[in-house]
Amino acid sequence: MPTLFAVVTISFFLIRFAPGGPFSLERPLPPQIMENMIRAYRLDLPLWRQYLDYLWNVAHGDFGPSYIYRDFSVGQLMMQSLPYSLQLGTYALILAVLGGVAAGVVAALRQNGIVDYLVMSVATVGVTVPNFVVGPVLSLVFAVLLSWLPAGGWGDGSARFLLLPTIALALPQLAVFARLTRGSMIEALRADHIRTARAYGLSRRAVVVTHAMRGALLPIVSYLAPCAAALLTGSVVIEEIFGIPGVGRYFVQGALNRDYTLVMGTVVLIAVFIVVLNLVVDILYAQLDPRIRHD
Amino acid sequence: MTHPPRRLVSAALLSAALLLSAGSAGAEVVLHRGNGGEPQTLDQAHTSIDVEANVLKDLYEGLTIYDAAGKIIPGAAESWTVSDDGTVYTFKIRDAAKWSNGEPVTAEDFVFSFRRVEDPKEAAGYANLLYPLKNAEAINTKGMAIDQLGAKAVDAKTLELTLERPTPYLLELLAHQSALPVNKASVEKNGADFVKPGTMISNGAFKLTENVANDHITAVKNENYWDAASVKLDKVIFYPLEDQAAAVRRFQAGELDVNYYFPTDQTDYLRQQLGDQVHMTPSLASYYYTFDTRTEPFNDVRVRKALAMAIDRDFLSEEVFQGGQLPLYSAVPPGIASYGEPEKVSYAETDQLDREDEAKRLLKEAGYGEGGKPLKIDIRYNTNANHEKVATAVADNWKALGATVTLTNLDVKSHYAYLQEGGAYGAARCGWTADYADAESFLGLNISTNKTFNYAHWKNEKYDALMAQSYAETDQAKRAALLHEAEKILLAEEPVTSLMIYASPWLVSSKVKGWQDNAVNDHLSKFLSKE
């Protein structure tokens, strides 16, 4: 709560310092019309008053009207777009975690082998090639050239439409997970208790899955929170490239358009996600590592 | 494991085949329109941008509309008469004009709609578009009673508009999306929610059924539209595609039939790929640079002229925009019927090298350049890859004259806010799109009393006087002559200098019929069909 309050307060005042306002356009409004609009949106009140009003409204679940998307309130925009982002983000998260962890484990077990080098080169590419390159390339190859999948749009929300954006969104995170897993797995395999387990004659599979993995998962789980928050709250790049009506673009558009309420809405949303997910990760952590539980 | 009975399978196959054949016989004709961006509203009192116009003009019909070729024709009004002094227009609304709920479209609906736009409580951003209506400005800004507006319902189907002064471009104004009617009963009942699908009642060729922000807007054929018999599409789906490259891919993949906007620096490539499906239409929009005439050196006309003539517009058009924008040597773009051929700057036909020599001579005369005072210029533009390329090219042209040039860019809002708030600058990039096809839309920007748009802070009494006269002139030919005189002064003084005209970039599938390129850039779906 104090974190959220601080985030709201700081961003409320920060966005107001940006030059221009929601109604300054490429072709500006005559001053008296501007006055009408400013009055209609109560932007003529002193800033402290607007701030208190905003806090009061947010506390009552009202994020106010969007200044730019007039036909929707900020709440409606969020409610309309969040399910798309959550769905796509969940798929991408699953793909990134499962794919990344699997690739990382395989690479660690074949350390310095051909498979390892292959996985790590792909992972390096995945981290370094931005998704505004990966997205269009996927779309160009699979939609325009091969005509296998749609080039964009949410369509009916079926796998055909979601496959390419999911891959493009997951790829950089998948690469991060692969690298993280490989590193911590190699370290875990060298740990004393693993050598002991092997010495007791446990099978390789049992050692890897039940003993090494558990220790190796810790850094992965701690990366899970920021990663999930990023994937679930949408990516403006992927949304623009694939025409996904998600929530990510509102953060960027809101800021560029000086849509104060929309920016605040997205800031609060992302902050809530990060706070909640961090809490979840703390709980998971305690489950995985008994030392933390006893502290 | 059991198998389904054979008979059941064949019955299922048969019915599936029947369904398919029925589907193709009466196949729904759907037009998929890529629409270049998310509309900010579908409320005619608050609309301001082209991607909203594209949707709104399919949903609603104003008194006048632009046909496929961009010519004004009767819309909801079937005819009109104009008083001798040009200040009273009487419109006869079609008997057959109906709302999508079957109720008749009345003069009262239009009176209500125009009052709503001028009501200061509604705070309409484009209220000034209808300021030619009697008392509109006073109502909107000075608190005059709203029933004083010069719009009167003589009877259910007769609308009388009284104007402040003769407005030769009134019929063009009425085709703007701000002048579209709203259904009085629906707005009174639903308030701001009247724009929602399921609630919206419209009088155009199509009616709204779905609106998912940043995904799609669906409009289906309005059976109650007076001209429904000639509407060939059953459904139009608009996609708000901001990423132009992504929109092109979707067009190439056959997912879009029409798409507004593509990256103009790829025009050549797209022409190779898509042939005649690529459309580049010169529009009524100019790309220009303004000089801060308040201070040295830009208060000297010789400096302004030298800099203006040194800009290589052909290079900008061909190399930066690949023909997506065309060189412009006038203050008013061509293509306005009532104005005819615009005036041109003196150097329009001169070779670029000769222009450079002349520019150096002018600068020397003004005391700048080699051996004179140093010439330092800061070019401001709003952040955008193309504007940056233009600014860089212009800077090169000016450096060749011996100037030191720096570049400053801000995001679009900050850029214009800076200019409007009177910030000091050297040269700055601006764009202007006409709201109505009339020369005044461009020439009015530089009247010295135009506090908002006269970024150059230029004041020329003769120019101001000619413009003032033009507003009072009812004779079309005389008025055009006055405006031509004004344009000559503007081009001789060059407080602003035009670089290019925007072309409207459209992709139109060869399956789409009825499409015509036009400068007003209106393309109502009711004129389109699909093979």
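Residues numbered from 1 in each chain as written. Chains lettered and ligands numbered in written order. Predicted model: local features only at pLDDT ≥ 70, side-chain atom pairs only at ≥ 80, totals over all residues. Heavy atoms only, no water.

Undergrad: Before we go on, may I ask you to explain the overall build of chain A in this structure?
TA: On a plain count of helices and strands, chain A comes out with 13 helices and zero strands. In terms of overall dimensions, chain A has a C-alpha envelope of 85 × 55 × 30 Å along the principal axes. Residues classed as buried in chain A amount to 47% of the 295 residues present. Sequence-distant contacts, at least 24 apart, represent 73% of the contacts inside chain A between residues at least 6 apart. Of the side-chain charges in chain A, 20 are positive and 16 negative, and the distance between the mean point of each set is 10 Å. (Helix = DSSP H or I, 4+ residues; strand = E, 2+ residues; numbered from the N terminus. Buried < 20%, exposed > 50% of the residue type's maximum accessible area, 1.4 Å probe, protein only. Contact = heavy atoms within 4.5 Å. Lys, Arg positive; Asp, Glu negative; His and termini not counted. Charge placed at Lys NZ, Arg CZ, Asp CG, Glu CD.)

Undergrad: Is there a simple way to think about the overall build of chain B in this case?
TA: The number of helices and strands found in chain B is 16 helices and 19 strands. For chain B, the C-alpha radius of gyration of 26 Å lies close to 24 Å, the compact-globule estimate for 531 residues. Taken along the three principal axes of its C-alpha coordinates, chain B extends 100 × 65 × 35 Å. Expressed as a percentage of the 531 residues in chain B, the buried residues total 58%. Of all intrachain contacts in chain B linking residues separated by at least 6 positions in sequence, the fraction that spans at least 24 positions is 68%. Carbon together with sulfur atoms contributes 52% to the accessible area of chain B, which is approximately 21,200 Å² in total. With 53 positive and 74 negative side-chain charges, chain B shows a spacing of 3 Å between the two charge centroids. (Rg over C-alpha atoms; globule rule 2.2 N^0.38 Å. Areas by Shrake-Rupley, 256 points an atom, 1.4 Å probe, with all protein chains shown as cover.)

Undergrad: Explanation requested: the confidence of the model for chain A in the structure shown.
TA: Segments scoring low in pLDDT should not have their predicted coordinates read at a detailed level. Looking at chain A, pLDDT values average 83 and 96% of them are 70 or higher. Considering each helix and strand of chain A separately, the mean pLDDT is smallest for helix α13 (residues 290–294) of chain A, with a value of 63, and largest for helix α4 (residues 74–109) of chain A, with 90. (pLDDT = per-residue confidence, 0-100.)

Undergrad: In this structure, what is going on with the packing of aromatic side chains? I would like to understand it.
TA: For any pair of aromatic rings, the description rests on two quantities: the centre-to-centre distance and the angle between the ring planes. Applying the stated criterion across every chain yields a total of 25 aromatic pairs over all chains. Between Tyr67 of chain A and Tyr260 of chain A, the aromatic rings sit 6.1 Å apart at their centres with planes inclined by 85°, giving edge-to-face as the arrangement. Taken as a pair, Tyr67 of chain A in the loop between α3 (47–59) and α4 and Tyr260 of chain A in helix α12 (residues 260–288) lie far apart in primary sequence, 193 residues in all. Residue classification places Tyr67 of chain A among the buried residues on the basis of a relative accessible area of 9%. Judged by its relative accessible area of 7%, Tyr260 of chain A falls in the buried class. Pairing Tyr84 of chain A with Trp154 of chain A gives two aromatic rings, centres 4.8 Å apart and planes at 80°, and the pair type is edge-to-face. Here Tyr84 of chain A is found in helix α4, whereas its partner Trp154 of chain A is found in the loop between α6 (131–145) and α7 (159–189), with 70 residues between them in sequence. Ring-pair connections join several aromatic residues into one group, and the members of that group are Phe12, Phe13, Tyr51 and Tyr54 of chain A. A cation sits over an aromatic face here: Arg380 of chain B above Tyr418 of chain B, 3.7 Å from the ring centre. Cation over ring: Arg429 of chain B sits above Tyr287 of chain B, and NZ or CZ is 4.6 Å from the ring centre. (Phe/Tyr/Trp six-rings, centres within 6.5 Å; stacked < 30°, edge-to-face > 60°. Lys NZ or Arg CZ within 6 Å of the ring centre and 35° of its normal.)

Undergrad: Help me understand the interface of chain A and chain B, please; the structure alone is not making it clear to me.
TA: Taken together, the contact pairs 47 residues of chain A with 48 residues of chain B. For the pairing of chain A and chain B, the buried interface totals around 3,800 Å² over both sides, and the portion due to carbon and sulfur atoms is 50%. Counting across the chain A and chain B interface gives one salt bridge. Between chain A and chain B we count 16 residue pairs in polar contact (both at pLDDT 80 or more) in total. For the side of chain A that touches chain B, the elements supplying multiple residues, two or more each, are α2 (31–40), α4, α6, α10 (236–242) and α11 (248–256) of chain A. No other element matches α2 of chain A, which puts six residues into the side of chain A that touches chain B. In the side of chain A that touches chain B, the residues fall into 27 nonpolar, 13 polar and seven charged. (Buried area = accessible area lost by both parts, 1.4 Å probe. Salt bridge = Lys/Arg side-chain N within 4 Å of Asp/Glu carboxyl O. Polar contact = N/O pair within 3.5 Å; in protein donor to acceptor, adjacent residues only side chain to side chain. Nonpolar A, V, L, I, M, F, W, Y, C, P; charged D, E, K, R; others polar.)

Undergrad: I would appreciate a short explanation of unusual backbone geometry in the present structure.
TA: Most of the time, phi is negative for any residue but glycine, and the peptide bond is trans. Residues and elements named next belong to chain B. The amide bond that connects Glu296 to the next residue, Pro297, takes the cis arrangement and shows omega of -5°. Checked against the element boundaries, Pro297 lands in the loop between β12 (278–291) and α9 (301–310). At Tyr261, a residue that is not glycine, the phi angle is positive and equals roughly 80°. For Tyr261, the location among the structural elements is in the loop between β11 (258–260) and α8 (267–274). Its relative accessible area of 26% is what places Tyr261 among the partly exposed residues. Within the chain, Glu494 stands out as a residue other than glycine whose phi angle is a positive 45°.

Undergrad: I tried to follow the domain arrangement of chain B on my own but got confused; where do I start?
TA: It is common to report an interface's size as the accessible area lost on association of the parts. Residue and element names in this part refer to chain B. Per the domain assignment, the segments making up chain B are domain 1 (33–234 + 509–530) and domain 2 (283–503). Relative placement of domain 1 and domain 2: their C-alpha centres are 34 Å apart. Contact residues are listed per partner, giving 13 residues for domain 1 and twelve residues for domain 2. Carbon and sulfur atoms make up 63% of the surface buried where domain 1 meets domain 2, a total of about 1,100 Å² over both sides. (Domains from an automatic or database assignment.)

Undergrad: Whenever I open this one, helix α13 (residues 412–420) of chain B confuses me. Can you help?
TA: Count 3.6 residues to each turn of an α-helix, and residues three or four apart come out pointing the same way. Within the sequence span of α13 of chain B, burial applies to Lys413, Ser414, His415, Tyr416, Ala417 and Leu419 of chain B. At the C-terminal side of α13 of chain B, Gly422 of chain B shows a positive phi close to 85°.

Undergrad: Whenever I open this one, the confidence of the model for chain B confuses me. Can you help?
TA: Summary statistics for chain B give a mean pLDDT of 90 and a share of 95% for residues scoring 70 or more. Scored by ipTM, the complex comes to 0.80, with pTM at 0.81.

Undergrad: Where do I start with the sheet that holds strand β7 (residues 158–162) of chain B in this structure?
TA: Each strand in a sheet pairs with its neighbour through backbone hydrogen bonds, running either in the same direction (parallel) or in the opposite one (antiparallel). Residue and element names in this part refer to chain B. Taken in spatial order, the four strands line up as β4-β5-β7-β6 in an open sheet, and their pairing is antiparallel. Among the strands making up the open sheet, the edge pair consists of β4 (77–82) and β6 (151–155). Taken over all neighbouring pairs, the strand axes of this sheet differ in orientation by 25° on average, direction set aside. Looking at chain direction, strand β5 (residues 88–93) and β7 are connected through five bridges and run antiparallel. Bridge assignment links Lys92 to a residue of β7, and that residue is Thr158. Its contacts with the sheet put helix α3 (residues 107–118) on β5, β6 and β7, and the angle it makes with β6 is roughly 170°. (Pairing = 2+ DSSP bridges. Axes fitted to C-alpha atoms, helices over the stretch in contact; angles between N-to-C directions.)

Undergrad: Where do I start with the pattern of salt bridges in this structure?
TA: When their charged atoms lie close together, side chains carrying opposite charge are able to pair. All names here are of chain B. All told, the structure shown has 30 salt bridges over all chains when counted by the stated rule. For Lys235, the salt bridge identified is with Glu28, shortest N-O distance 3.9 Å. Separated by 207 residues along the polypeptide, Lys235 in strand β10 (residues 235–239) and Glu28 in the loop between α1 (6–25) and β1 (30–34) bring together distant segments of the chain. Take Lys235: its relative accessible area is 21%, and that puts it in the partly exposed class.

Undergrad: What am I meant to see in the nonpolar core here?
TA: The tendency in soluble globular proteins is for nonpolar side chains to be buried side by side. Grouped together as the largest cluster of nonpolar side chains are 157 residues, with contacts concentrated most on Leu63, Phe114, Leu161, Tyr289, Val390, Trp398 and Leu443 of chain B. For this core, the two domains that each supply at least three residues are domain 1 (33–234 + 509–530) and domain 2 (283–503) of chain B. Once residues within four sequence positions are removed from consideration, Tyr289 of chain B is found in contact with Ile379, Val390, Ala391, Val394, Trp398, Ala427, Ala428, Arg429, Val496, Thr497 and Leu499 of chain B. Core analysis: the second largest hydrophobic core is formed by 56 residues, Leu93, Leu149 and Met185 of chain A together with Val212 of chain B among them. (Core = buried A, V, L, I, M, F, W, Y, C linked by side-chain atoms within 4.5 Å.)

Undergrad: Help me understand the side chain of Thr261 of chain A, please; the structure alone is not making it clear to me.
TA: Along the polypeptide, Thr261 of chain A turns up in helix α12. At a separation of 2.6 Å, a polar atom in the side chain of Thr261 of chain A contacts the main-chain carbonyl oxygen of Pro65 of chain A.

Undergrad: Teacher, can you tell me more about the packing of α6 of chain A against α7 of chain A here?
TA: The axes of two packed helices give the description: the angle between them and the distance between them. Residues and elements named next belong to chain A. The contact between α6 and α7 brings their axes to 9 Å, and the two run at 150°. As judged from the angle between their axes, α6 and α7 are roughly antiparallel. Once α6 is placed against α7, the crossing between them reads as right-handed. Each of Asn131, Val134, Gly135, Leu138, Ser139 and Phe142 in α6 lies in contact with α7, whose residues at this interface are Leu164, Ile167, Ala168, Leu171 and Pro172. (Parallel < 35°, antiparallel > 145°, perpendicular 65-115°, else oblique. Left-handed = near helix turned anticlockwise from the far one by under 90°.)

Undergrad: In this structure, what is going on with a nonpolar patch on the surface? I would like to understand it.
TA: Side chains of Phe132, Val133, Val137, Leu140, Val141, Leu145, Leu146 and Trp148 of chain A sit close together on the surface and give an oily, nonpolar patch of about 770 Å² of accessible area. The partly exposed category is assigned to Val141 of chain A, whose relative accessible area is 30%. (Patch = residues over 30% accessible without salt bridge, like charges linked within 9 Å, V, L, I, M, F, W, Y side chains within 5 Å.)

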